[in-house]
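# Fold and geometry: a report
What follows is each chain in one-letter form.
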Amino acid sequence: MSDFALNIPKNHYEDWQLDAAHKHLKNFDIEEHNLVDVLHFFQDTYGYIDKALIPLLAKFFNLSKAEVHGVISFYHDFRDTKPASYILKICQAESCQAMGSRALTAELKAALKIDFHETSKLADITLEPVYCLGNCSCSPNLMINTKIISRLTSEKLNQILTNLREVQDD
Ligand code: FES
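Residues numbered from 1 in each chain as written. Predicted model: local features only at pLDDT ≥ 70, side-chain atom pairs only at ≥ 80, totals over all residues.

### Structural notes on the domain arrangement of the protein chain
When the parts of a complex come together, some accessible area is lost, and that lost area is often used as the size of the interface. Operational definition: Residue ranges assigned to each domain were obtained from an automatic or database domain assignment.
Domains assigned within the protein chain are domain 1 (18-74) and domain 2 (86-169). Summarising the inter-unit geometry, the C-alpha centres of domain 1 and domain 2 are found 29 Å apart.

Here it is as structure tokens:
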């Protein structure tokens, strides 16, 4: 059995700081960037969108706080809490579902004792849904941080969880 997850780097994020967020925002040119670009930057930097960013972004883009909040909640990629070192995204779209992703999702939730958008207390893992990874011909698919694991099976899933626990115990 392969070591599916042993070489995947952990996620590292800056700790949230309002002053630093102000400085980051000054690097954006409002003519060149839209709100979604900037939200992605902050999520990549901090791992999530802190609620204190909403008034900052509203002022920067001359929008209401409700408008900024509306954009954040429209995209299910944006999260409101810091994720774990490993983010597992299991595909819920049609092709992966046809190849068994629902049952694999249930196995994953049971093994980690969490639902989507939660972080497991048993491992440094956050679980999220994803809606097509562009790899439908090799369904079902799981992404661990930036690495896609194709043709997922129950056996592969167990090995992945074992590998991720081994990495964390090192
Ligand atoms: S439907 Fe899962 S990768 Fe496309």
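### Examining the packing of helix 1 (residues 18-26) against helix 3 (residues 53-61)
Formally: Lines fitted to C-alpha atoms define the axes, with helix axes restricted to the stretch in contact, and inter-axis angles between N-to-C directions lie between 0 and 180 degrees. A helix here means a DSSP run of H or I that spans at least four residues, while a strand means a run of E at least two residues long, and both kinds are numbered starting from the N terminus. For classification purposes, an angle smaller than 35 degrees is called roughly parallel, one larger than 145 roughly antiparallel, one from 65 to 115 roughly perpendicular, and anything else oblique. Take the far helix as the reference: if the near one is turned anticlockwise from it by less than a right angle, the crossing is left-handed, and if turned clockwise, right-handed. Throughout, a pair of residues is in contact if the C-beta atoms placed from their backbones lie within 7 Å.
At a minimum axis separation of 11 Å, helix 1 and helix 3 run at an interaxial angle of 25°. Between helix 1 and helix 3, the interaxial angle falls into the category roughly parallel. Where helix 1 crosses over helix 3, the handedness of that crossing is right-handed. For the pair helix 1 and helix 3, contact is made by Ala21, His22 and Leu25 and by Leu53, Leu56 and Phe60, respectively.

### Things to note about the pairing of strand 3 (residues 125-130)
Put simply, the rule reads: Pairing between strands is defined by DSSP: at least two bridges between them are needed.
Inspection of the sheet shows strand 1 (residues 86-91) paired to strand 3 by six bridges, in the parallel sense. By the bridge assignment, Leu88 is partnered in strand 3 with Leu127. Sheet topology places strand 2 (residues 118-119) next to strand 3; two bridges connect them, and they run antiparallel. Along strand 3, the bridge assignment pairs Glu118 with Leu127. Taking the residues between adjacent antiparallel strands as the criterion, strand 2 and strand 3 are bridged by five residues.

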